[in-house]
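Commentary on secondary and tertiary structure
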Amino acid sequence: MDALNYFAMSWLSPELLALTALGTFLGIYVGAIPGLSVTMAVSILISFTFSWDVNNALCLMVGVYMGGVYGGSRTAILLNIPGAPSAIATALDGYPLAKKGLAGEAIGLSTVMSVVGGFIGILVLALAAPSIADFAITFQPRDYMMLGILGIMLVGSLSGSSLAKGIFAGAFGLLIGTVGLDPMTADERFTFGIIELWDGINPVAVMIGLFGISEALHQLQHMDKAVIKQKISRIIPRLSDVKKYLPLSVRTSFIGVIVGALPGTGGDIAALMAYDHAKRSTKEPDVAFGEGAKEGLIAPESANNAAVGGAYIPMLTLGIPGDAVTAVFIGALFIHGLNPGPLLMVEQPHMFWFTVGNLTLANIFILIFGLTGIKLFSKIVECPKGILIPLIFLLSIVGAYAINNAITDVWWMLAFGVFGYFMRLYGFPVGPVILGVILSALTDENWRRAILTERGSVIDLFAHMFTSPLSVVLLMTIVLILVTKTPLWSKVIKPKCFPNAS
Amino acid sequence: MSSHEPTPKTRKPGERLFTFLLVIGSVYLFWQAYQIAGFSDLSSAGAFPMATAATMILAACFIFVNTLKRPTSQNTSFFTHCFPPIVAMIMALILVYAVVLESLGFILSSFVFLFITIQFLYRRRMLTTLAISLFSLIMVYIVFRLIFQVVLPEGIVPERDIIASITALWR
């Protein structure tokens, strides 16, 4: 009964309801406007909302997250420019549909199926998270340490062209996270004798720098892209279409939840896997894939919204972010004094049910905003980059200043912005950096706890790992990721074991 | 996954220097990490930073060597493809903006910043730019300063007095 009470909290309070609606609305536009990303928006929002009541801040940010994942599909369909990485697969069949004059229908159908996917994701979160949290309480410090490393490695290996660059970025993030006074022994770490560094580098400043400034700087190079207007007809999809594609939508939603729940993988990969599944499972599509098949539109849209619910599972139960957006979210929870992890469910079960209720609410708002306001939408999306980019800079700087009313944070933000620009330029992923910053304390503390319980013996640590099935699985996964990315694997083992694989 | 960018065959201008600087930076950070507690104890405050810095050195060396192996790409130069003047110019503008933000205050510095950057990037008539930057500044001010109650640097514009007199007019 308590759970239901907390679930309905954001539904019954007019203030929270309005903030969720506002967040979802903003999220749809942020997701849709190429050049604005959800990660960027949530990073900037953290700094502006951090003096707020935690519930209000969460409502706004949950809305932005949920809306943003959906919003990317709009521009993918209308302009063939995915507004967000998770909409890359949507453009493959969505844009051909729009070219046939079916843009309205495509938007309507993708809205309904996004909402279906969103609900399935939330349902799985509500059912699975409590038992996973119970299980997570039995985790040893070494398991947490390995989970932290695993998360960074997965993001590192999936988000860029080279694993070495991903690992470098992740390790760099971990190192940034250790700057300041050590929480256990109060030793100074990387402070260079500067007292301002005792509190460490503010993670929000790092986030805004890497996702706000550096991304906007990068976009200065692609300023002029012609916008092709599409005619938008009816938006409300036909009931027969919804019925026909519902089974596919449900199937791909489950793919989305599972991929979203894995640490390191998020909506973009879920969407591509779902597209692949749709392509293989649809024997006789009415229209060929890539030329405007509705299956190819529905599958990624269901999956990427389902992945949101999935991504919340490791975030709330283990405190491990699944991707860059959830890493930013965990940063927000920390700032509001919440400690995501297995104890969150025990100590503050209301937070969990509040979040579930809030996600559900945001999902309903997607349906409402998704099927209305298309005229306004096409106006705003055409906002030229020459105006948009200066505004991103403005908000980034003001946002960084607003965290602590200190100009120091602005300097850090700018430094990471410039460094991030060069990282992007030379093909380094920036996601692992932020994941590293967020996971640094968790990995460091659990490493030290683990090694202390073994009385400083690394051999004992490894020996005891093999007594717990969970530790073995985690260790094996880490080793597997490393091995499959080395030349030894691609040149020696793979040709022998999988001679048929391409 | 098809979302991956394929590994480029050639190296971009400046890439060699950047990756080399990463190696040097990693080594310096490792030395700093060593200064925390040395090799005294695996559970010391310095153990984890040293492990991460060591990982950075390994990864950076690997990247550096790989970069050296690739041939330089033709027809690209650092200042047109990697660090064009527009990026340098905007970076400098942001820097100036950050420097004067506290002394000039949010309103004045932001307005000048918006006006110059929009004029520079959007390239319309002066008056259009003026209108756009004024409008967006007012929107930002209303949303963040008045609704979200974010504290912004006041500087030389007597902002509070102005707001107070406006609200006084209302009553």
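Since we're looking at a predicted model, the values are computed, not measured.

Turning our attention to the overall build of chain B. Of the regular secondary structure elements, chain B holds seven helices and zero strands. Taken from N to C terminus, the helices and strands of chain B fall in the order α-α-α-α-α-α-α. The globule rule puts the C-alpha radius of gyration for 171 residues at 16 Å, and the 25 Å found for chain B is more than 25% above it. In terms of overall dimensions, chain B has a C-alpha envelope of 70 × 50 × 35 Å along the principal axes. When each of the 171 residues of chain B is scored for burial, the buried share is 25%. In chain B, of all internal contacts separated by at least 6 residues, the share reaching a separation of at least 24 is 64%.

A word on the overall build of chain A. On a plain count of helices and strands, chain A comes out with 23 helices and two strands. Here the C-alpha radius of gyration of chain A, 22 Å, is about what a compact globule of 502 residues would show, namely 23 Å. With the C-alpha coordinates aligned to their principal axes, the bounding extent of chain A is approximately 70 × 60 × 55 Å. Burial status across chain A gives 59% buried among its 502 residues. In chain A, once contacts between residues fewer than 6 apart in sequence are set aside, the share between residues at least 24 apart is 78%.

Further remarks concern the domain arrangement of chain A. Residues and elements named next belong to chain A. By the assigned domains, chain A splits into domain 1 (1-80 + 105-219 + 238-465) and domain 2 (466-501). Between the C-alpha centres of domain 1 and domain 2 there is a distance of 28 Å. Opposite the 13 residues of domain 1 that make contact, domain 2 presents 12 residues. Looking at the side of domain 1 that touches domain 2, the elements that each hand over two or more residues are α8 (141-159) and α21 (458-465). For the side of domain 1 that touches domain 2, the element with the highest residue contribution is α8, accounting for eight residues. Tallied by class, the residues present in the side of domain 1 that touches domain 2 amount to eight nonpolar, three polar and two charged.

Between chain B and chain A, the contact holds 58 residues from the first and 55 residues from the second. Listed by contribution, the elements that provide at least two residues to the side of chain B that touches chain A are α1 (15-37), α2 (47-69), α4 (85-104), α5 (106-122) and α6 (126-147) of chain B. Tallied by class, the residues present in the side of chain B that touches chain A amount to 42 nonpolar, 11 polar and five charged.

Another point: the UniProt feature "transmembrane region" (unreviewed entry) in chain B. All names here are of chain B. UniProt annotation of "transmembrane region" (unreviewed entry) refers to residues 17-34, 46-66, 78-98, 104-122 and 129-148 when read in the numbering used here. Annotated as 100% helix and 0% strand, the span residues 17-34 places its first and last C-alpha atoms 26 Å apart. Taken end to end, residues 104-122 is 95% helix and 0% strand, and its two terminal C-alpha atoms sit 25 Å from one another.

With that settled, consider the domain arrangement of chain B. Splitting chain B by domain gives domain 1 (15-75) and domain 2 (83-170). Using C-alpha coordinates to define each centre, domain 1 of chain B is positioned 40 Å away from domain 2 of chain B.

A word on the packing of helix α11 (residues 239-261) of chain A against helix α13 (residues 294-318) of chain A. The description of two packed helices rests on the angle between their axes and on the distance between the axes. Two elements in contact, α11(A) and α13(A), have axes whose closest approach is 6 Å; the angle formed by their N-to-C orientations is 35 degrees. Of the two elements, α11(A) crosses α13(A), and the hand of that crossing is right-handed.

The next point concerns the nonpolar core. In terms of nonpolar packing, the biggest core is built from 200 residues, with A:V42, A:M61, A:Y65, A:F168, A:V206, A:I434 and B:M56 touching the most fellow members. It is helix α7 (residues 103-136) of chain A that provides the largest number of residues to this core, a total of 16 residues.

This part is about α7(A). Maximum bend of α7(A): about 35 degrees, positioned at A:A128, with proline A:P130 one to four residues after it. Of all the 34 residues making up α7(A), 25 are buried; the element is thus mostly covered by neighbouring parts of the structure.

Another point: the packing of helix α4 (residues 38-49) of chain A against helix α5 (residues 54-79) of chain A. All names here are of chain A. At a minimum axis distance of 10 Å, the contact between α4 and α5 shows a crossing angle of 170 degrees. Taken together, α4 and α5 sit at an angle that is classed as roughly antiparallel. Contacts from V38, A41, V42, L45 and T49 in α4 reach A57, L60, M61, V64, Y65, G68 and V69 in α5. Across the contact of α4 with α5, the residue classes break down as 10 nonpolar, two polar and no charged.

Scoring rules and cut-offs
- Residues numbered from 1 in each chain as written.
- Chains lettered and ligands numbered in written order.
- Predicted model: local features only at pLDDT ≥ 70, side-chain atom pairs only at ≥ 80, totals over all residues.
- Helix = DSSP H or I, 4+ residues; strand = E, 2+ residues; numbered from the N terminus.
- Rg over C-alpha atoms; globule rule 2.2 N^0.38 Å.
- Buried ≥ 20, exposed ≤ 12 C-beta atoms within 10 Å, placed from the backbone.
- Contact = placed C-beta atoms within 7 Å.
- Domains from an automatic or database assignment.
- Nonpolar A, V, L, I, M, F, W, Y, C, P; charged D, E, K, R; others polar.
- UniProt positions renumbered as here; feature names shortened; annotations may be inferred.
- Axes fitted to C-alpha atoms, helices over the stretch in contact; angles between N-to-C directions.
- Left-handed = near helix turned anticlockwise from the far one by under 90°.
- Core = buried A, V, L, I, M, F, W, Y, C linked by C-beta atoms within 7 Å.
- Bend = angle between axes of the 7 residues up to and from the residue.
- Parallel < 35°, antiparallel > 145°, perpendicular 65-115°, else oblique.

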